[in-house]
Every structure is written in C-alpha cells, then in structure tokens.
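One-letter residues, chain by chain:
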Amino acid sequence: MSEVEDLIKKIANQRGVTGCMVFNNQGIIIRTTLEQSLTIHYAALITQLCNHTKNTVKKLDDGDDLTFIRLRTTKNEILVAPGFSRIFSSHLSSLSDRDYILVVIQVPVV
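Counting of residues starts from 1 at the beginning of each chain's written sequence and follows it residue by residue. Totals for whole chains, interfaces and linings use all residues, but because this is a predicted model, local features are given only for residues with pLDDT of at least 70 and pairs of side-chain atoms are given and counted only at 80 or more. To obtain the side-chain values, all non-hydrogen atoms of the structure were included, while hydrogens and water were left out.

Asks: How should I be thinking about the sheet that holds strand β3 (residues 69–72) in this particular structure?
Replies: Pairing between the strands of a sheet is mediated by backbone hydrogen bonds and can be parallel or antiparallel. Two strands qualify as a pair provided that DSSP identifies no fewer than 2 bridges between them. Put simply, DSSP H or I for four residues or longer makes a helix, DSSP E for two residues or longer makes a strand, and each gets a number counted from the N terminus. Strand order in the open sheet made by the five strands is β2-β1-β5-β4-β3, with antiparallel pairing throughout. On the outer flanks of this sheet lie β2 (29–32) and β3, each paired with one strand and no other. Across the sheet, the axes of successive neighbouring strands diverge by a mean angle of 15°, strand direction being ignored. Note: strand β1 (residues 17–24) against β2, three bridges, orientation antiparallel. What sits directly across from Val-22, in β2, is Arg-31. Two residues qualify as a contact provided that any one of their heavy atoms is within 4.5 Å of a heavy atom in the partner residue. Helix axes use the C-alpha atoms of the stretch in contact, all axes being lines fitted to C-alpha atoms, and the angles between their N-to-C directions lie in the range 0 to 180 degrees. The strands that helix α2 (residues 36–60) touches are β1, β2, β3, β4 (77–82) and β5 (100–106); relative to β1, the one it contacts most, it runs at about 65°.

This is the structure we're talking about:
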C-alpha cells in the first residue's frame, strides 16, 4: 500500500491542503491525515452527500454519473472524488471499481 500512502502524502503536502482522506462507500476509513473523530464525521456526511448526489444525477439523466463534487464555503474548499479507486485496484482487486471516495480539504484561494 505504499503507493496509496505516497499519493495521500503528496496531496496533503500541497499548499493550502489541511486534510486528505480516503474511505469506502460505507464510510469506513482507509487512510486519513486528519484526527480520527473529524475523519469519522466527514466520512459519514460526505458518504450521504455522494449517495444523494448520485441519485439526483441519475434522475436527471439516467446515462450520466457523478464524478466530482466541489464545495466551497467561507472557511474551506472540499473536493470530493467518488469512485476513486484506480490507485487501489492493484492492491484491493477484489473490490469493485467505484468503492472509494477521496476527499481533500483545503483553504480556498482568494
């Protein structure tokens, strides 16, 4: 899993990034750079957001699929990549292609 850790480390070291986490579609944490309680909170809420947003996209156009969410608040920018699994596929090949969610939290650039 060193590729995974290297990728998370590379993202986390980017200017303005305050946290990076990967969890599965059930909200089970795979990797994180944040404290555990905050990651659990994000995982629960972001998993729900992804599920609702995927359903909305499907209802709007049955042939479409959610690939990325960008939330910008006054304090943070939250980047969500549902279906993030390409880097994991060689390590966890028994899981489906869309089982992981990558979340990056960063300070918004003004």
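Asks: Help me out: how do you make sense of the nonpolar core in this one?
Replies: In a soluble, globular protein the nonpolar side chains are often hidden away together inside. By nonpolar core is meant a set of buried Ala, Val, Leu, Ile, Met, Phe, Trp, Tyr and Cys residues that side-chain atoms within 4.5 Å join together. The buried label goes to any residue with under 20% of its type's maximum accessible area, the exposed label to any with over 50%, and the partly exposed label to all in between, with areas taken from a 1.4 Å probe on protein chains only. Counting residues in each nonpolar core, the largest one holds 14 residues, and the members touching the most others are Ile-46, Val-80 and Val-103. Contributing elements (two or more residues each) for this core: β1, α2, β4 and β5. With four residues, α2 is the single largest residue contributor to this core. Every residue in contact with Val-80, bar those within four places of it in the chain, is listed here: Ile-46, Cys-50, Thr-67, Phe-68, Ile-69, Ile-101, Leu-102 and Val-103. Formed by twelve residues, the second largest nonpolar core is a distinct cluster that contains Val-4, Ile-8, Cys-20 and Val-22.

Interpretation note: all reported values are geometric properties and have no functional meaning in isolation.
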